[in-house]
Amino acid sequence: QNSVAMFGRQLVEINKSIQEAAESDGEVDLRYKMMPKLVIGHICEKLKKHPTVTKLWLHGCHLDDGGFLHLMKNLKGTGIDSISASDNVITNDGIHMLATFLNSAEESEVHTLKYLSLRENQLKGDDNECNDNNCDAMTEQNNTSKTDSQQQKGPDAVSLPPTSSTHTSSSSNSISVAVESDVAVEISHGTALGLNLVVVCRKLGLEELSLEDNPIGDATAKELFEYIECKEEMEMHNVHLAVLSLHNCNLSNNSIPNLQAALVTNKSLKEILLAGNLFSALTCASLIRGVLSSAIYEGNITFISLPKNMKGCLEDVVKLSNIKFAWID
């Protein structure tokens, strides 16, 4: 009886929050409320009755993979264009399930978004990318830096055909993806996560994605950077994403070549947050010089954040640029 009473009170509070948001700024703040599927379904139905509500903040709601998928499947018909699902328990499996749904769904079934924050969930790259020292550094940075891009409140490889199946192989660091030829292709967890995130970006039409405080690593970032890189021969390059936050994501110098190519050729990305990662000052200087000196760079990038301890080493380089730099711990 106590559980039923608590559930009833939660629904009343949610209804009130949605009603108030509809009558004010359109931002419904449901942070730190438990989100079982039944509650998520109720929220989506209520939001359909209040299309002026455009922003949904679900920070710290114990939202898991199934709940996240249920939410994304049931947003159609609402006015929501921004979601913060930070500080939850969404894993690589949740992103894979969403990408699978988006690949198989009709366009009329997909609810597009402008902004999605997955900050501080449980998205992880390859096991061998996150060694003990790196993970310790990540943990320390998580405890000292809880930024969420510029929204403090908040608040695939290739696209697989709909009939494709994905399953875990015997290797703990790889998964098998069935492609049209029915040949199993071994790819790492990090690469698979990157490919699935590309599907999510493309199918949802995201303009801003925050992956802060998730140790996604270089393999995942490589797929995102290749998506951002605008190549004529690529069918699935970025046409929407303008802001990408990879703050504190366990990226190393190995990401720099792909990042440089992406920044030089992309047509849409304006801002990228890279502080809190494991770059050296030398490679960052090389990155900036390489972007600025490229004959095909069109000056699209307006903002980059980098680790604060590099400021002194890079001041002479950044003076040559009209890009705004932020130096963050």
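The rules behind each value
Sequence order as written defines residue numbering, which begins from 1 separately in each chain. With the structure being a predicted model, the display of local features is reserved for residues of pLDDT at least 70 and the display and counting of side-chain atom pairs for 80 or more, all residues being used for whole-chain, interface and lining totals. As a rule here, side-chain values come from all non-hydrogen atoms in the structure, and water together with hydrogens is ignored. Strands are runs of DSSP state E lasting at least two residues, helices are runs of H or I lasting at least four, and both sets are numbered from the N terminus onward. Exposure is judged per residue with a 1.4 Å probe applied to protein chains only, and the accessible area is read against the type maximum: over 50% gives exposed, under 20% gives buried, and values in between give partly exposed. Distance and chemistry together define a polar contact, namely a pair of N or O atoms within 3.5 Å, with one atom able to donate a hydrogen and the other to accept it when in protein, and with adjacent residues in sequence counting only for side-chain atoms on both sides. For salt bridges, the criterion is a side-chain nitrogen of Lys or Arg within 4 Å of an Asp or Glu carboxyl oxygen. The definition used for a disulfide is geometric: two cysteine sulfur atoms within 2.5 Å. Contacts were defined at the residue level, with two residues in contact if any of their heavy atoms lie within 4.5 Å.

K.L.:
Is there a simple way to think about the environment of S321 in this case?
P.N.:
If you trace the backbone, S321 turns up in the loop between helix 10 (311-318) and strand 12 (324-328). When its relative accessible area of 14% is taken as the criterion, S321 is described as buried. Separated by 29 residues in sequence, S321 and L292 have C-alpha atoms that sit 7.1 Å apart.

K.L.:
For this particular structure, what's the right way to read unusual backbone geometry?
P.N.:
Residues other than glycine predominantly adopt negative phi, and peptide bonds predominantly adopt the trans conformation. Phi is positive for E120, which is not a glycine, with a value near 55°. Relative to the elements of secondary structure, E120 occurs in the loop between strand 4 (115-117) and helix 5 (132-144). Even without being glycine, N250 reaches a positive phi, approximately 65°. For N250, the position within the fold is in the loop between strand 9 (243-245) and helix 8 (256-265). Using a relative accessible area of 2% as the deciding quantity, one classes N250 as buried.

K.L.:
I keep staring at the side chain of N248 and nothing clicks. Help me out?
P.N.:
Here N248 shows up in the loop between strand 9 and helix 8. Polar side-chain contacts of N248 include one of 2.9 Å to the side chain of D213.

K.L.:
Explain the pattern of salt bridges here, please?
P.N.:
Within the structure shown, the criterion is met by 7 salt bridges. A salt bridge links K48 to E45, with the shortest nitrogen-to-oxygen separation between them at 3.1 Å. A residue pair is termed a helical-turn pair when its members lie 3 or 4 positions apart in one helix, as K48 and E45 do in helix 2 (residues 37-48) at 3 residues. What makes K48 partly exposed here is its relative accessible area of 32%. One salt-bridge network, held together by shared partners, links R119, E120 and D213.

K.L.:
Which parts of the structure should I look at to understand the state of the cysteines?
P.N.:
Here a disulfide denotes one covalent bond, and it connects the sulfur atoms of two cysteines. On inspection of all chains with the given rule, the structure shows 0 disulfides. The structure places no disulfide on C284, whose sulfur is separated from the nearest cysteine sulfur, that of C313, by 9.9 Å.

K.L.:
What am I meant to see in the side chain of H50 here?
P.N.:
Secondary-structure assignment places H50 in the loop between helix 2 and strand 2 (55-57). Relative accessible area serves as the criterion here: at 18%, H50 is assigned to the buried category. Leave out the neighbours within four places in its chain, and H50 touches I18, Q19 and A22.

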